[in-house]
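So the chains spell out like this:
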Amino acid sequence: MKKSSIPFVGLHAHSVAGSPFDALGYPQDHMDYAYENGGEALALTDHGNMNGMAYQVLHAKKMKEEGKNFKPIFGVEAYFIPSLDVWNEERDRAKTDKKRASELKDSTTMSVENEGETKRSKSILNQRSHLILLAQNQTGLNNIFAMISKSNSDKYFFRYPRVDYEVLREHSEGVIAASACMGGVYAANFWKHWDGEKEIVTDPEACTDAFRETTRRMVDIFGDRWYGELQWHTDKKQHLINKLVIQMHKEFGIKLISTADSHYPTPTAWKDRELYKRLGFLGKGKPSWLSDELPESVAEVGYELYPKNGDQMWESYKHYSELVGEDYDDDLVMDSITETHNIAFNRIEELMPDNEVR
């Protein structure tokens, strides 16, 4: 078992149980590696569901019987739209426009994360973003269950299970929330102002104002349980988003976390996951962001998405920020790494779900 000099807990992680064609390894595989890698806890935040939770619970009990002290954290990476009412108005307008008929085609098949579409869909009806939700206690877990149920109801489901600000406000008690990845709620503001051809933010002030508005609304709902999320890899746009998230930290006092956003259980599984992603689009047409050729090395991919320990998180930060030529405040980044451990052990209770039949 490895030891890490920096306390860290992965608060953003995916498994094959709940993130099909996007993640590899069952929750127990991720938990076992995290433990052997020096971790004391791990959250599971699959896309729009908690299908992996039973695996978490059963394996945590098994680990405890084996004398392994490891804390499972229950959560979800929800799909988010700001307002269902506004979305419905747009849908009604689209119904009267024959040119937009294709935007209204729904899918009754399994929802598979489409990375490119989530980031910057041109269709307003298909726009969505990611939001990390973690249960602090049984109340929070019940509220996340309620949100997932609503997101899958006829009222909210369209291609993906979705929640909006109204649902978050109704079910926020006992829930910690974070801004997620390049498909997240902060990133959605960034993409609306990003010119991909010119590689520039077209209106920096409007982009920053959008980040401010999202911050105000999330803080109004979650208070100090709202966190800005930083991630570390080679995409320059991630670092532009990081800088804006850090600006929200400085302006509003929100705390920051760094996450590994793990999608496979061991460092060597990266190529298997690259192939697995491609299998998810068989017969559906290859999305533009997915190349025909499998990368030869993880360096070509530009990120490593396994359950890291604190030392590895720090190394990722230093390596990728230097690689893209971006400077950060080391103390601020260190705090964002160690804050995850504080959340896991000081803000989230020891919790095994209430499964009593009444």
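Residues numbered from 1 in each chain as written. Predicted model: local features only at pLDDT ≥ 70, side-chain atom pairs only at ≥ 80, totals over all residues. Heavy atoms only, no water.

Peer 1: Help me understand the overall build of the chain, please; the structure alone is not making it clear to me.
Peer 2: Along the chain, the regular secondary structure elements total 13 helices and nine strands. Computed over C-alpha atoms, the radius of gyration of the chain comes to 20 Å, within 12% of the 21 Å expected from 2.2 N^0.38 for 358 residues, which places it in the range of a compact globule. C-alpha extents for the chain along the principal axes are approximately 65 × 55 × 45 Å. Across the 358 residues that make up the chain, the buried fraction comes to 56%. For the chain, long-range pairs separated by at least 24 residues make up 79% of all intrachain contacts whose partners lie at least 6 apart in sequence. A total accessible area of about 16,500 Å² is found for the chain, and carbon and sulfur atoms account for 49% of it. If the 44 positive side-chain charges of the chain are averaged to one point and the 58 negative ones to another, these points end up 4 Å apart. (Helix = DSSP H or I, 4+ residues; strand = E, 2+ residues; numbered from the N terminus. Rg over C-alpha atoms; globule rule 2.2 N^0.38 Å. Buried < 20%, exposed > 50% of the residue type's maximum accessible area, 1.4 Å probe, protein only. Contact = heavy atoms within 4.5 Å. Areas by Shrake-Rupley, 256 points an atom, 1.4 Å probe, with all protein chains shown as cover. Lys, Arg positive; Asp, Glu negative; His and termini not counted. Charge placed at Lys NZ, Arg CZ, Asp CG, Glu CD.)

Peer 1: Is there a simple way to think about the pattern of salt bridges in this case?
Peer 2: Between side chains of opposite charge, a pair can form when the charged atoms approach closely. The final tally for this structure, using the stated rule, is 17 salt bridges. A salt bridge links Lys68 to Glu66; its shortest N-O distance comes to 3.5 Å. Classification of Lys68 as partly exposed rests on a relative accessible area of 24%. Note that Glu213 is salt-bridged to Arg216, the shortest N-O span being 3.6 Å. Residue Glu213 and its partner Arg216 are both found in helix 8 (residues 204-222); the two are separated by three residues, about one turn of the helix. On the basis of relative accessible area, Glu213 is assigned to the partly exposed category, the value being 40%. Within this structure, Glu205, Asp209, Arg212 and Glu251 form a network of salt bridges that share partners. (Salt bridge = Lys/Arg side-chain N within 4 Å of Asp/Glu carboxyl O.)

Peer 1: Sorry, what's going on with empty space enclosed by the protein here?
Peer 2: One simple way to see leftover space: roll a probe sized like a water molecule over the atoms. Overall, the coordinates contain six cavities of 30 Å³ or more when judged by the stated rule. Of the voids in this model, the largest cavity is the one considered here, and its volume is about 110 Å³. Along its surface, the largest cavity is lined by 16 residues, and Phe8, Gly10, Leu42, Pro307 and Lys308 are the ones closest to its centre. Of the residues assigned to the lining of the largest cavity, the class counts are eight nonpolar, six polar and two charged. Roughly 80 Å³ of volume is contained in the second largest cavity. What lines the second largest cavity is Gln231, Trp232, His233, Thr259, Ala260, Asp261, Tyr303, Glu304, Leu305, Lys308, Met313 and Ser316. Within the lining of the second largest cavity, the residues separate by chemical class into five nonpolar, four polar and three charged. (1 Å grid on protein atoms, 1.4 Å probe; cavity = no way out; pocket = protein on both sides within 12 Å on 5 of 7 lines; lining within 4 Å. Points joined across faces, edges and corners; volume = space filled by probe spheres on them. Nonpolar A, V, L, I, M, F, W, Y, C, P; charged D, E, K, R; others polar.)

Peer 1: Looking at this model, I keep getting lost on the confidence of the model for the chain. Mind explaining?
Peer 2: Should the pLDDT be low somewhere, the predicted coordinates at that spot are not to be read in detail. With 94% of its residues at a pLDDT of at least 70, the chain reaches an overall mean of 93. Predicted confidence in the chain is weakest over helix 4 (residues 115-120), with a mean pLDDT of 70, and strongest over strand 5 (residues 175-178), with 99. (pLDDT = per-residue confidence, 0-100.)

Peer 1: Quick question: what am I supposed to make of the pairing of strand 8 (residues 226-230) here?
Peer 2: Taken residue by residue, a regular strand's side chains alternate between the two faces of the sheet. When you tally the buried positions in strand 8, you get five out of five residues, the bulk of the element. Neither face of strand 8 is open: one carries Trp226, Gly228 and Leu230, the other Tyr227 and Glu229, and all of them are buried. As judged from the two bridges shared by strand 5 and strand 8, these two strands associate in the parallel manner. Opposite Ala178, over in strand 8, you have Tyr227 as the bridge partner. Examined bridge by bridge, strand 8 and strand 9 (residues 255-258) share four bridges and lie parallel to one another. Across the sheet, the residue bridging to Tyr227 is Lys255, located in strand 9. This β-α-β element, strand 8 to helix 9 (residues 236-252) to strand 9, shows right-handed connectivity. (Pairing = 2+ DSSP bridges. Right-handed = clockwise from strand over helix to strand, strands pointing away.)

Peer 1: Explain the nonpolar core to me, please; I cannot follow it from the model alone.
Peer 2: Most often, soluble globular proteins have nonpolar side chains that are buried together. Leu133, Ile144, Leu168, Met218, Phe222 and Trp226 are the most contacted members of the largest nonpolar core, which has 61 residues in total. Ignoring anything within four residues of it in the chain, the contact list for Leu168 reads Phe80, Leu131, Leu133, Met147, Val163, Met218, Ile221 and Phe222. Grouped together as the second largest cluster of nonpolar side chains are 16 residues, Ala41, Ala178, Cys181 and Ile343 included. (Core = buried A, V, L, I, M, F, W, Y, C linked by side-chain atoms within 4.5 Å.)

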